[in-house]
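Residues per chain are reported as follows:
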Amino acid sequence: MMKNKSTLAKLLAEEDIFVVHKKMDTAYFNPKSRELGLPIWKDEEMTKDIYDLMVCHEIAHALWTPLDMLETAAVRKINHSFVNIVEDARIERMVQDRYPGSVAVFNRGYRDLTAKDFFGIADKDVSELNLIDRINLFFKKQKVEFTAEEKVWVKRVAETKTPEDVLNLSEELYAWMAENAPEEEESDDEKTMSDPNGESGEGDGETGEGDAPADDKGDEDGNDVPTGDAGDDGDDDAAGDAETETGETTEVGGVETTGRGGPPKVETDTDANNAGEMLVDENAIARTYGRIPVIKNDLIMPFSEIVERATAHYNDCEVTDWVDDKKAEVASIKDESKKTVGYMVKEFEMKKAADQYARASVSKTGSLDMGRLHTYKYNEDIFKKVTTLPGATNHGMVMVVDWSGSMYENLKGTLSQLYNLIWFCRRTQIPFEVYAFSDCRELFPDYYEKRDEMPDFKAGDLALNNFKLLNFFSNKMSAKDETVMMETLWMIASYYNDRSDNRFNRPNFPQFLNLGGTPLNSAIVAMMEIVPKFKRDTGVQKVNTIFLTDGASNWLPGVYDYRLNRDTGDHYKVTGNIQGKAMISDPKTLKSYEVDNNDMTDGLLRILKDRVPDMNLIGFFIAGSGRGGRVDKRTLYYLQRELSMDAIMEQVKFINKNKYLAIDSKGYDEMYVLPAKGMEVSNEGLSDDLVGASKAKLKSAFGKSMKGKVESRQLLNKFVKLVA
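Residues numbered from 1 in each chain as written. Predicted model: local features only at pLDDT ≥ 70, side-chain atom pairs only at ≥ 80, totals over all residues. Heavy atoms only, no water.

Scanning the protein from N- to C-terminus turns up 23 helices and 19 strands. Considering only residue pairs separated by 6 or more positions, the protein has 75% of its internal contacts joining residues 24 or more positions apart. Counting only carbon and sulfur atoms, one obtains 48% of the accessible surface of the protein, whose full area is about 34400 Å². (Helix = DSSP H or I, 4+ residues; strand = E, 2+ residues; numbered from the N terminus. Contact = heavy atoms within 4.5 Å. Areas by Shrake-Rupley, 256 points an atom, 1.4 Å probe, with all protein chains shown as cover.)

Structure (structure tokens):
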């Protein structure tokens, strides 16, 4: 139902406003962020008509309440409740004029609210209330009486046309009431505001058009006076002011007066706000709303820039022997892996061909087979046949690698696995892109100068971490650039991993490639645009998106919002924290998702999967540390809190024996936990002990050796199973 109401609100507001449902006291419309907020109401208290009334009222604010109206009122010190009541009357009259069908909506909605004593007047004498309260109730379909002098003000409220009219009238009305307030010691009779001619004015209250009685409730088809909102104070949000949302007093404001009774106090506005508590579900979990943002163009550092800067850095270094040694290591890894990768390519082609033939279909062509024609007397099958092989699905790969500080011990193993995967994709002509996410400070030389500017600010959007995607590898790279990139990354891994090297005998690496934090969640959001673009550009039918990380993501900063400076009337940009449940909407798929802030990664992966149909989403989690690289129970429990400790211990035994563990968790289609030790690639050949061995023994040893080489290439092995 909420989705349908959200769509209706957008249609009526004539723009793509952001409709949210939060744990709060009243509905509101924030004209700055274009956000329509509706409380999470109790099912037993909220009726369809009340809900529709709230929606119609708030979209009226969306259409006609300007961005700076309440800010101007705050700066001019005009009483907020007066402005709220007069503005409600104006915008509800206008929405009913534009959408005649909404007249009946307001009639029915206010009827339901009255039945629930929403305005808190069941035990009060309405005639005892002051003028602004009675004006408020009158425009909310309540039976109210006015004196002839008061009718002038009612008529002026009903005839306001512009926001400036509302502000000026609110200020004038406040001053008039302050000057004409009754003395506190006056008797009850003296407090009653009578008509100068001695008539009570019953039955002829002023209306928006001046031609309908105040007690005319109207019918459900619509002929009634313009109305206001049922106690809505949500315009505070339009000012972006957090204090007013929690009940800031409305007694101070307006102009200084010497009136007998002091500043007018608005009771019904406050009562209506408090009455909202009986409709609002107090047990509802707090929600924070945010949208998936558009990714900025300079997020990706292209491989050409990385290669150029890295080449210049190492050309200038003095430790050339160490650099040459590392380049030779990369060449050796490639040479040693060539046969194994070739073997896996052949296996892949065989599996793919076998799958095609398994799905092949044979059909008759309708043409006679002249070689069988002589058998026509005893064979009905004398027609030619054709075998149709179904087209194989073409695949592509996008891989995202964790480039954080905690990866330093596992860099060599990770790169060895990655290089084999790239060589395989080259041989099989599978399009691929490999990115690393990094928040290394050296990538943002002007960070301190621009951190307060929020260049990506858009109210209501999720704020992402300050990060970049380093495009390490691509099928569009030349063979030369690919080799330089592999050598560069291998030197960085060697700088961290080769404990036997004296640090003074090896050059430092380019600082912009330094390891940093883990902005995984921000990288997932970025993939929501990058992966669909990759699929469009390459024309592949199925994308395999792979994330490789060794830890949990950094927290997202929050959601962009505005706050009001009440002294100047200006807005300033803020990033609000995500509290409770996060309700994330995707403007591309038009879907909304409820996401646990403690497991944001899982929720963002769900959004990514909906963005990219026919995608395999795979996660590799590198676990374990130290030379042994063994995985402990704490790591597996972090990934699977729903499991018992006995089940976790069984998994610990399995992964330390088999060097991998497949788990169903964290939003991936498949997720593999790999021990750090299991990342090492094996290139061992046959032992010298087999010299002179029998043919059978050699065959068995060769088979075991090849099996070990294939199984040690964990990333490539799992990828082949996906695409074969």
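After that view of the structure, there is still more to cover.
Another point: the packing of helix α13 (residues 303-315) against helix α17 (residues 479-497). Running from amino to carboxyl end, α13 crosses α17 at an angle of 60°, the nearest separation of the two axes being 10 Å. What the angle tells us is that α13 and α17 run oblique. Considering the relative orientation of α13 and α17, their crossing is left-handed. Along its contact with α13, which presents F303, I306, V307, A310, T311 and Y314, the element α17 presents D481, V484, M485, T488, M491 and I492. Of the residues contributing to the contact of α13 with α17, the split by class is nine nonpolar, two polar and one charged. (Axes fitted to C-alpha atoms, helices over the stretch in contact; angles between N-to-C directions. Parallel < 35°, antiparallel > 145°, perpendicular 65-115°, else oblique. Left-handed = near helix turned anticlockwise from the far one by under 90°. Nonpolar A, V, L, I, M, F, W, Y, C, P; charged D, E, K, R; others polar.)

Before going further, it helps to examine the sheet that holds strand β5 (residues 300-301). Adjacent strands of a sheet pair through backbone hydrogen bonds, lying either parallel or antiparallel. Read from one edge of the open sheet, eight strands run β5-β11-β9-β8-β12-β17-β19-β18, paired in mixed fashion. Looking at which strands have only one partner, the edges of the open sheet turn out to be β5 and β18 (661-663). Note that strand β17 (residues 615-623) and strand β19 (residues 670-675) share six bridges and pair parallel. Each residue of the ladder has a partner; that of G619, found in β19, is M671. Seen against the sheet, helix α21 (residues 645-658) touches β18 and β19 and runs at an angle of roughly 135° to β18. (Pairing = 2+ DSSP bridges.)

Tallied over the full model, the rule gives 24 salt bridges. Between K296 and D456 there is a salt bridge whose closest N-O contact spans 3.6 Å. With K296 in the loop between β4 (287-291) and β5 and D456 in the loop between α16 (447-450) and β10 (462-463), this residue pair connects regions lying 160 residues apart in the sequence. In this structure K296 comes out as partly exposed when scored by relative accessible area, which is 30%. (Salt bridge = Lys/Arg side-chain N within 4 Å of Asp/Glu carboxyl O. Buried < 20%, exposed > 50% of the residue type's maximum accessible area, 1.4 Å probe, protein only.)

Here we come to the packing of helix α4 (residues 80-98) against helix α5 (residues 102-115). Orientation of α4 relative to α5, taken along the N-to-C sense of each, is 135°, at an axis distance of 8 Å. The angle between α4 and α5 places the two elements in the oblique class. For the pair α4 and α5, contact is made by E92, V95 and Q96 and by S102, V103, F106 and Y110, respectively. For the contact of α4 with α5, the per-class residue count stands at four nonpolar, two polar and one charged.

All right, on to the side chain of T601 then. Structurally, the position occupied by T601 is in helix α19 (residues 600-611). Exposure remark for T601: the relative accessible area of 15% places this residue in the buried category. Each residue touching T601, except ones within four places of it in the same chain, is listed here: L520, N521, I524 and S553.

Here we come to the sheet that holds strand β15 (residues 581-586). Overall, mixed pairing links the three strands, which are arranged β4-β15-β16 in an open sheet. Taken across any chain shown, the strands that pair with only one partner, and hence form the sheet edges, are β4 and β16 (591-596). Going from strand to strand, the sheet's axes swing by 25° on average, the running direction of each strand aside. Judged from the five bridges that link them, β4 and β15 form a sheet pairing that is parallel. Following the sheet pairing, R287 is matched in β15 by K581. On the sheet, α19 packs against β15 and β16 and is oriented at approximately 160° with respect to β16.

The terminal C-alpha atoms of α19 lie 17 Å apart, and with twelve residues this matches the ideal 16 Å at 1.5 Å per residue to within 8%. For α19, the full list of buried residues reads M600, T601, G603, L604, L605, I607, L608 and R611. Considering only its buried residues, α19 is in contact with α18 (520-538), β12 (542-549), β15, β16 and β17. (Expected span 1.5 Å × (residues − 1).)

Taken as a whole, this structure holds 20 aromatic pairs when the rule is applied. Aromatic pair W403 and F472: ring centres 5.1 Å apart, planes at 75°, arrangement edge-to-face. With W403 in the loop between β8 (395-402) and α15 (411-428) and F472 in strand β11 (residues 468-474), this pair connects stretches of sequence that are 69 residues apart. Of the two residues examined, W403 and F472, each falls in the buried class. Seen in terms of ring centroids, F620 and Y672 are 5.6 Å apart; in terms of plane orientation they differ by 20°. Their pairing is stacked. Of the two residues, F620 is situated in strand β17 and Y672 in strand β19; the sequence distance between them amounts to 52 residues. Neither F620 nor Y672 differs from the other in exposure class; each is buried. (Phe/Tyr/Trp six-rings, centres within 6.5 Å; stacked < 30°, edge-to-face > 60°.)

Turning to unusual backbone geometry, a few remarks are in order. Even without glycine at this site, K141 takes up a positive phi of about 70°. Structurally, K141 can be placed in the loop between α6 (131-138) and α7 (148-158). Overall, K141 belongs to the buried group, its relative accessible area being 7%. Positive phi outside glycine occurs at Q429, with the angle close to 60°. Within the secondary structure, Q429 is located in the loop between α15 and β9 (432-438).

Glancing now at the environment of C56. Topologically, C56 is positioned in helix α2 (residues 48-64). For the pair C56 and S102, spaced 46 residues apart in sequence, the C-alpha separation works out to 7.2 Å.

With that out of the way, let us pick up the nonpolar core. Proteins that are soluble and globular tend to have nonpolar side chains buried together. Formed by 66 residues in total, the largest nonpolar core has its most connected members in M399, F472 and F473. Apart from the residues lying within four places of it in its own chain, the contact partners of F472 are F303, I306, W403, V434, A436, M477, M485, L489 and L513. By size, the runner-up hydrophobic cluster in this structure holds 53 residues, among which are I78, A89, L137 and V144. (Core = buried A, V, L, I, M, F, W, Y, C linked by side-chain atoms within 4.5 Å.)

In this section: a nonpolar patch on the surface. On the surface, a cluster of nonpolar side chains totalling about 250 Å² of accessible area is made up of Y637, M645 and M649. If you trace the backbone, Y637 turns up in helix α20 (residues 633-639). By relative accessible area, which is 32% here, Y637 ends up partly exposed. (Patch = residues over 30% accessible without salt bridge, like charges linked within 9 Å, V, L, I, M, F, W, Y side chains within 5 Å.)

With that settled, consider the environment of G539. Its location among the elements puts G539 in the loop between α18 and β12. According to the relative accessible area criterion, G539 is partly exposed, its value standing at 46%. Considered as a pair, G539 and P431 are 108 residues apart in the sequence and their alpha carbons are 9.6 Å apart.

Before going further, it helps to spend a moment on the environment of T311. Secondary-structure assignment places T311 in helix α13. Residues T311 and E487, 176 residues apart in the sequence, show an inter-C-alpha distance of 10.0 Å.

Tracing the backbone shows R611 in helix α19. A polar side-chain atom of R611 sits 2.9 Å from the main-chain carbonyl oxygen of M528. Only 2.8 Å separates the side chain of R611 from the side chain of D586, close enough to count as a polar contact. (Polar contact = N/O pair within 3.5 Å; in protein donor to acceptor, adjacent residues only side chain to side chain.)

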